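Letter by letter, the chains look like this.
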Amino acid sequence: MTAELLNGREIAKDYRAGLQSEVEKLKSQGIVPNLTVVIVGNDGASLSYVRSKNKAAEKIGMESSIVHLDEDTSEEEVLATVEKLNNDDKVNGILVQVPLPDQVDENKVLEAIAPHKDVDGFSPINIGRLYTGQRTFVPCTPLGVMELLKHTGSLEGKTVAVVGRSHIVGQPVAKLLTDQNATVTLMHSRTQNMVEQLKNFDVVVSAVGKPGLITGADLKEGAIVIDVGNTVVDEKLVGDVDFESAKEVASYITPVPGGVGPLTITMVLNNTLLAAKWHNEDK
Ligand SMILES: Nc1nc(=O)c2c([nH]1)NC[C@@H]1CN(c3ccc(C(=O)N[C@@H](CCC(=O)O)C(=O)O)cc3)C=[N+]21
């Protein structure tokens, strides 16, 4: 069997076209959605993600700016920057790129972002709202995973292995899948015989950051494989799944790059659009 490719770039492009027409509608009412991204330090990969978010926002007619702070910026100063953006009426979405340098407490900063501008959905209030089913910003990578899965049919009754239990990917993905009536097993570094168990699952979502963790031999025939891993090896981006062997067994599979990544960026835009709409409605 040769899997169907879930082409993230194409799916993202179609989705962004829809967002663009929504942005145009808002603009005709005098509302210009604004995304502001804060980055502390000069990590190459982080800077490149931030620039892609910026460019993608502008491409669909949003306003976007980057606040670039030095590597040695104090926690106080980062918090002051967030506060300023919280109080700036032009700014609809605030995204603080993580990880932050050691002198800055990440939780403190995420907690400081006004929940109604937290387009990453990383603030504790929004995480709580997600788990209690209230209106919120769903984190972007999990939303992207769900969007890709929409292209593979219904999740009702399917068994899913989510590998990785992070707050930003594994756990919210498990929650969103459960909402779609999938039966979810959350696996992690302390799961015994993890790889051997994968053969039992209809869908595998891997968000670990370990290249080669999963190969075709570990998968059930016809499994759906979503690879959220992104690790740089020899200056190349690779996922958790050995694509070449997995594509022979899977029914659908995402590549890396060109799979989940473009959808993550798309969902930042999606959430910024929602923020702009909600700000306007709630005025
Ligand atoms: N506050 C915050 N929010 C985030 O959403 C966030 C973050 N911090 N910190 C880092 C991670 C990582 N992340 C990615 C986004 C897009 C791609 C992406 O578009 N990747 C392309 C490839 C890009 C390339 O080739 O370098 C792809 O997979 O095709 C990857 C990774 C967002 N993150």
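The structure displayed is predicted, hence computed values, not measured ones.

**Comments concerning unusual backbone geometry**
Part 1 of the reasoning: Cis rather than trans, the peptide bond between Val 98 and Pro 99 has omega equal to 0 degrees.
Part 2 of the reasoning: Among the structural elements, Pro 99 can be located in the loop between strand 4 (93–96) and helix 4 (106–112).
Part 3 of the reasoning: The omega torsion of the bond from Val 256 to Pro 257 falls at -5 degrees, within 30 degrees of zero and hence cis.
Part 4 of the reasoning: On the secondary structure map, Pro 257 appears in the loop between strand 11 (252–253) and helix 10 (260–281).
Part 5 of the reasoning: Of note, the phi angle at Asn 181 is positive, near 65 degrees, even though the residue is not glycine.

**Here we look at the packing of helix 6 (residues 140–150) against helix 10**
Part 1 of the reasoning: Following both chains from N to C, one finds helix 6 and helix 10 inclined at 115 degrees, their axes separated by 8 Å at the closest point. One way to sum up the angle between helix 6 and helix 10 is to call them roughly perpendicular. By crossing handedness, the relation of helix 6 to helix 10 is classed as right-handed. On the side of helix 6, the interface is formed by Cys 140, Thr 141, Leu 143, Gly 144, Val 145, Glu 147 and Leu 148, while helix 10 contributes Val 260, Leu 263, Thr 264, Met 267, Val 268, Asn 270 and Asn 271.
Part 2 of the reasoning: Looking at the contact of helix 6 with helix 10 residue by residue, the classes come out as eight nonpolar, five polar and one charged.

**Some points on the packing of helix 2 (residues 44–59) against helix 10**
The axes of two packed helices give the description: the angle between them and the distance between them.
Part 1 of the reasoning: Direction vectors running N to C along helix 2 and helix 10 enclose 55 degrees, while the axes themselves pass 10 Å from each other. One finds that helix 2 runs oblique with respect to helix 10. For the crossing formed where helix 2 meets helix 10, the hand is right-handed. Across from Ser 52, Lys 53, Ala 56 and Ala 57 in helix 2, the residues of helix 10 making contact are Ile 265, Val 268 and Leu 269.
Part 2 of the reasoning: Tallied by class, residues from the contact of helix 2 with helix 10 come to five nonpolar, one polar and one charged.

**Some points on the site of the ligand**
Part 1 of the reasoning: As a matter of local geometry, the ligand sits amid 16 residues, with Val 96, Gln 97, Val 98, Asp 120 and Gly 258 nearest to it.
Part 2 of the reasoning: Asp 120 is positioned such that a nitrogen or oxygen atom in its side chain is 2.6 Å from a nitrogen atom of the ligand.
Part 3 of the reasoning: Backbone polar atom of Gly 261 to an oxygen atom of the ligand: 3.4 Å apart, as the coordinates give it.
Part 4 of the reasoning: Look at the ligand: alone it shows 670 Å² of surface, and the protein chains cover 76% of it.
Part 5 of the reasoning: For the shell around the ligand, the elements supplying multiple residues, two or more each, are helix 2, strand 4 and helix 10.
Part 6 of the reasoning: With four residues, helix 10 is the largest single contributor of residues to the shell around the ligand.
Part 7 of the reasoning: Across the shell around the ligand, the residue classes tally to nine nonpolar, five polar and two charged.

**Observations concerning the sheet that holds strand 11**
Part 1 of the reasoning: Taken in spatial order, the six strands line up as 1-11-8-7-5-6 in an open sheet, and their pairing is parallel. At either end of the open sheet lies a strand with only one pairing partner, and these are strand 1 (4–5) and strand 6 (183–187).
Part 2 of the reasoning: For strand 1 and strand 11, the ladder comprises two bridges, and the chain directions are parallel. Bridging from a neighbouring strand, Glu 4 pairs with Tyr 252 of strand 11.
Part 3 of the reasoning: Of the strands in this sheet, strand 7 (203–206) and strand 8 (224–227) touch helix 6, which is tilted by about 150 degrees from strand 8.

**Structural notes on the UniProt feature "domain: Tetrahydrofolate dehydrogenase/cyclohydrolase NAD(P)-binding" (unreviewed entry) in the protein chain**
Part 1 of the reasoning: As recorded in UniProt, the sites labelled "domain: Tetrahydrofolate dehydrogenase/cyclohydrolase NAD(P)-binding" (unreviewed entry) are residues 139–278.
Part 2 of the reasoning: Across residues 139–278, the secondary structure splits into 34% helix and 19% strand, with the terminal C-alpha atoms separated by 17 Å.

**Structural notes on the nonpolar core**
Part 1 of the reasoning: Among the nonpolar cores identified, the biggest contains 51 residues, and Val 145, Leu 149, Leu 177, Val 205, Ile 226 and Val 228 are the most heavily contacted of them.
Part 2 of the reasoning: It is helix 10 that contributes the most residues to this core, ten residues altogether.
Part 3 of the reasoning: In this structure Val 228 touches Thr 141, Val 145, Val 169, Val 205, Ser 206, Ala 207 and Val 260, once residues within four positions along its chain are discounted.
Part 4 of the reasoning: Core analysis: the second largest hydrophobic core is formed by 18 residues, Met 194, Leu 198, Ile 214 and Ala 246 among them.

Parameters and conventions
- Residues numbered from 1 in each chain as written.
- Predicted model: local features only at pLDDT ≥ 70, side-chain atom pairs only at ≥ 80, totals over all residues.
- Heavy atoms only, no water.
- Helix = DSSP H or I, 4+ residues; strand = E, 2+ residues; numbered from the N terminus.
- Axes fitted to C-alpha atoms, helices over the stretch in contact; angles between N-to-C directions.
- Parallel < 35°, antiparallel > 145°, perpendicular 65-115°, else oblique.
- Left-handed = near helix turned anticlockwise from the far one by under 90°.
- Contact = heavy atoms within 4.5 Å.
- Nonpolar A, V, L, I, M, F, W, Y, C, P; charged D, E, K, R; others polar.
- Near = heavy atom within 4 Å.
- Polar contact = N/O pair within 3.5 Å; in protein donor to acceptor, adjacent residues only side chain to side chain.
- Areas by Shrake-Rupley, 256 points an atom, 1.4 Å probe, with all protein chains shown as cover.
- Pairing = 2+ DSSP bridges.
- UniProt positions renumbered as here; feature names shortened; annotations may be inferred.
- Core = buried A, V, L, I, M, F, W, Y, C linked by side-chain atoms within 4.5 Å.
- Buried < 20%, exposed > 50% of the residue type's maximum accessible area, 1.4 Å probe, protein only.

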